[in-house]
Amino acid sequence: MPSNRRGLAVMALLLGFADTNAQAGNTGGVFGPVINADDRSLQYRYARVTENDRFAHRLHYQHAFNAKYRGRAVVQYRDQPSGQDFDQLRLELQHQFVDAREHNGIWHSALRGDLVIRDDNRPEDIGLHWTNQWTLSDRWQATALLFTLRQVGDQRLPGIQISSRYQLAYRYHGRHRIALESYNSHGPLNELGIPDDQQQQAGPSLSGQWRKIGYKLGYLRGLNTATPEDTVTLWLNLAL
């Protein structure tokens, strides 16, 4: 299949899955499996829900131990009526077990384990996620993620929660890309679907890098009444 038709086919597939598991002030992303052995970086993320003017801040540090393993520590704050409040501490470890760079292939794959700690008697999360990325052509790239999550503690969600995320990206110049992203919540494992009361979002993003500074600007549109209508996001990444 020609590369342009192949890219359009994947875009149509992504549009068909364009839903989300995003929270208000969604700072999540469609992360890829590729690990660079020299990756030492800081990233700041900001997300604002326009209809209620609520926002979230996130700062994380990531450190690649080698070309197979990378760790990340995340701290997030959220906007509350009383002011900004601690939201969560997240610890992540990612293992890339399929590396197309080793055999000149088109497919990368990785697993990531997460531990999320919250205060105010809110539940903790234990997650294991699978991310895959395909190089469709010199300019087109597709990423798909499957999330599995179990909560422990008070006010926890039942069972193992399943969600997914998708991205289709086009590199239009150098290290700059435009993309379509979607976020899907499918509920507990024993009741898979896309429930009406789950938040669902999709939208475009623009990302790139200038010297040591990376950036991403994004917009997410709510696709049902359970989701904020409009969310804008900004990421800034500094290589150390």
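Structure first, text after, so check above.
Structural notes, computed from the coordinates. Worth saying up front: this structure is predicted, and the values here are computed from it rather than measured.

**Considering the overall build of the protein**
Argument step 1. Scanning the protein for helices and strands turns up one helix and twelve strands.
Argument step 2. Order of helices (α) and strands (β) in the protein, N terminus to C terminus: α-β-β-β-β-β-β-β-β-β-β-β-β.
Argument step 3. Relative to its full complement of 240 residues, the protein shows a buried share of 45%.
Argument step 4. By element, 57% of the accessible surface of the protein is carried by carbon and sulfur atoms, the whole surface being about 12,600 Å².

**What about the environment of F55?**
Argument step 1. Its place among the elements puts F55 in strand β2 (residues 54-64).
Argument step 2. A C-alpha to C-alpha distance of 9.1 Å links F55 and T231, two positions 176 residues apart in sequence.
Argument step 3. With residues near it in sequence (within four places) discarded, F55 still touches Y46, A47, R48, R78, D79 and Q84.

**Concerning empty space enclosed by the protein**
Argument step 1. Going through the model one piece at a time under the given rule, you end up with two cavities of 30 Å³ or more.
Argument step 2. The calculated volume of the largest cavity comes to roughly 70 Å³.
Argument step 3. Together, 13 residues line the largest cavity, and E181, Y183, K216, L220 and T233 are the ones closest to its centre.
Argument step 4. Of all elements in the fold, only β9 (176-188), β10 (201-210), β11 (213-222) and β12 (230-239) reach the threshold of two or more residues within the lining of the largest cavity.
Argument step 5. Broken down by element, the residue count for the lining of the largest cavity peaks at four residues, all from β11.
Argument step 6. Of the residues contributing to the lining of the largest cavity, the split by class is five nonpolar, six polar and two charged.
Argument step 7. In this model, the second largest cavity occupies a volume close to 50 Å³.
Argument step 8. Every element with two or more residues in the lining of the second largest cavity is listed here: β3 (69-80) and β4 (83-98).

The rules we used
Residues numbered from 1 in each chain as written. Predicted model: local features only at pLDDT ≥ 70, side-chain atom pairs only at ≥ 80, totals over all residues. Heavy atoms only, no water. Helix = DSSP H or I, 4+ residues; strand = E, 2+ residues; numbered from the N terminus. Buried < 20%, exposed > 50% of the residue type's maximum accessible area, 1.4 Å probe, protein only. Areas by Shrake-Rupley, 256 points an atom, 1.4 Å probe, with all protein chains shown as cover. Contact = heavy atoms within 4.5 Å. 1 Å grid on protein atoms, 1.4 Å probe; cavity = no way out; pocket = protein on both sides within 12 Å on 5 of 7 lines; lining within 4 Å. Points joined across faces, edges and corners; volume = space filled by probe spheres on them. Nonpolar A, V, L, I, M, F, W, Y, C, P; charged D, E, K, R; others polar.

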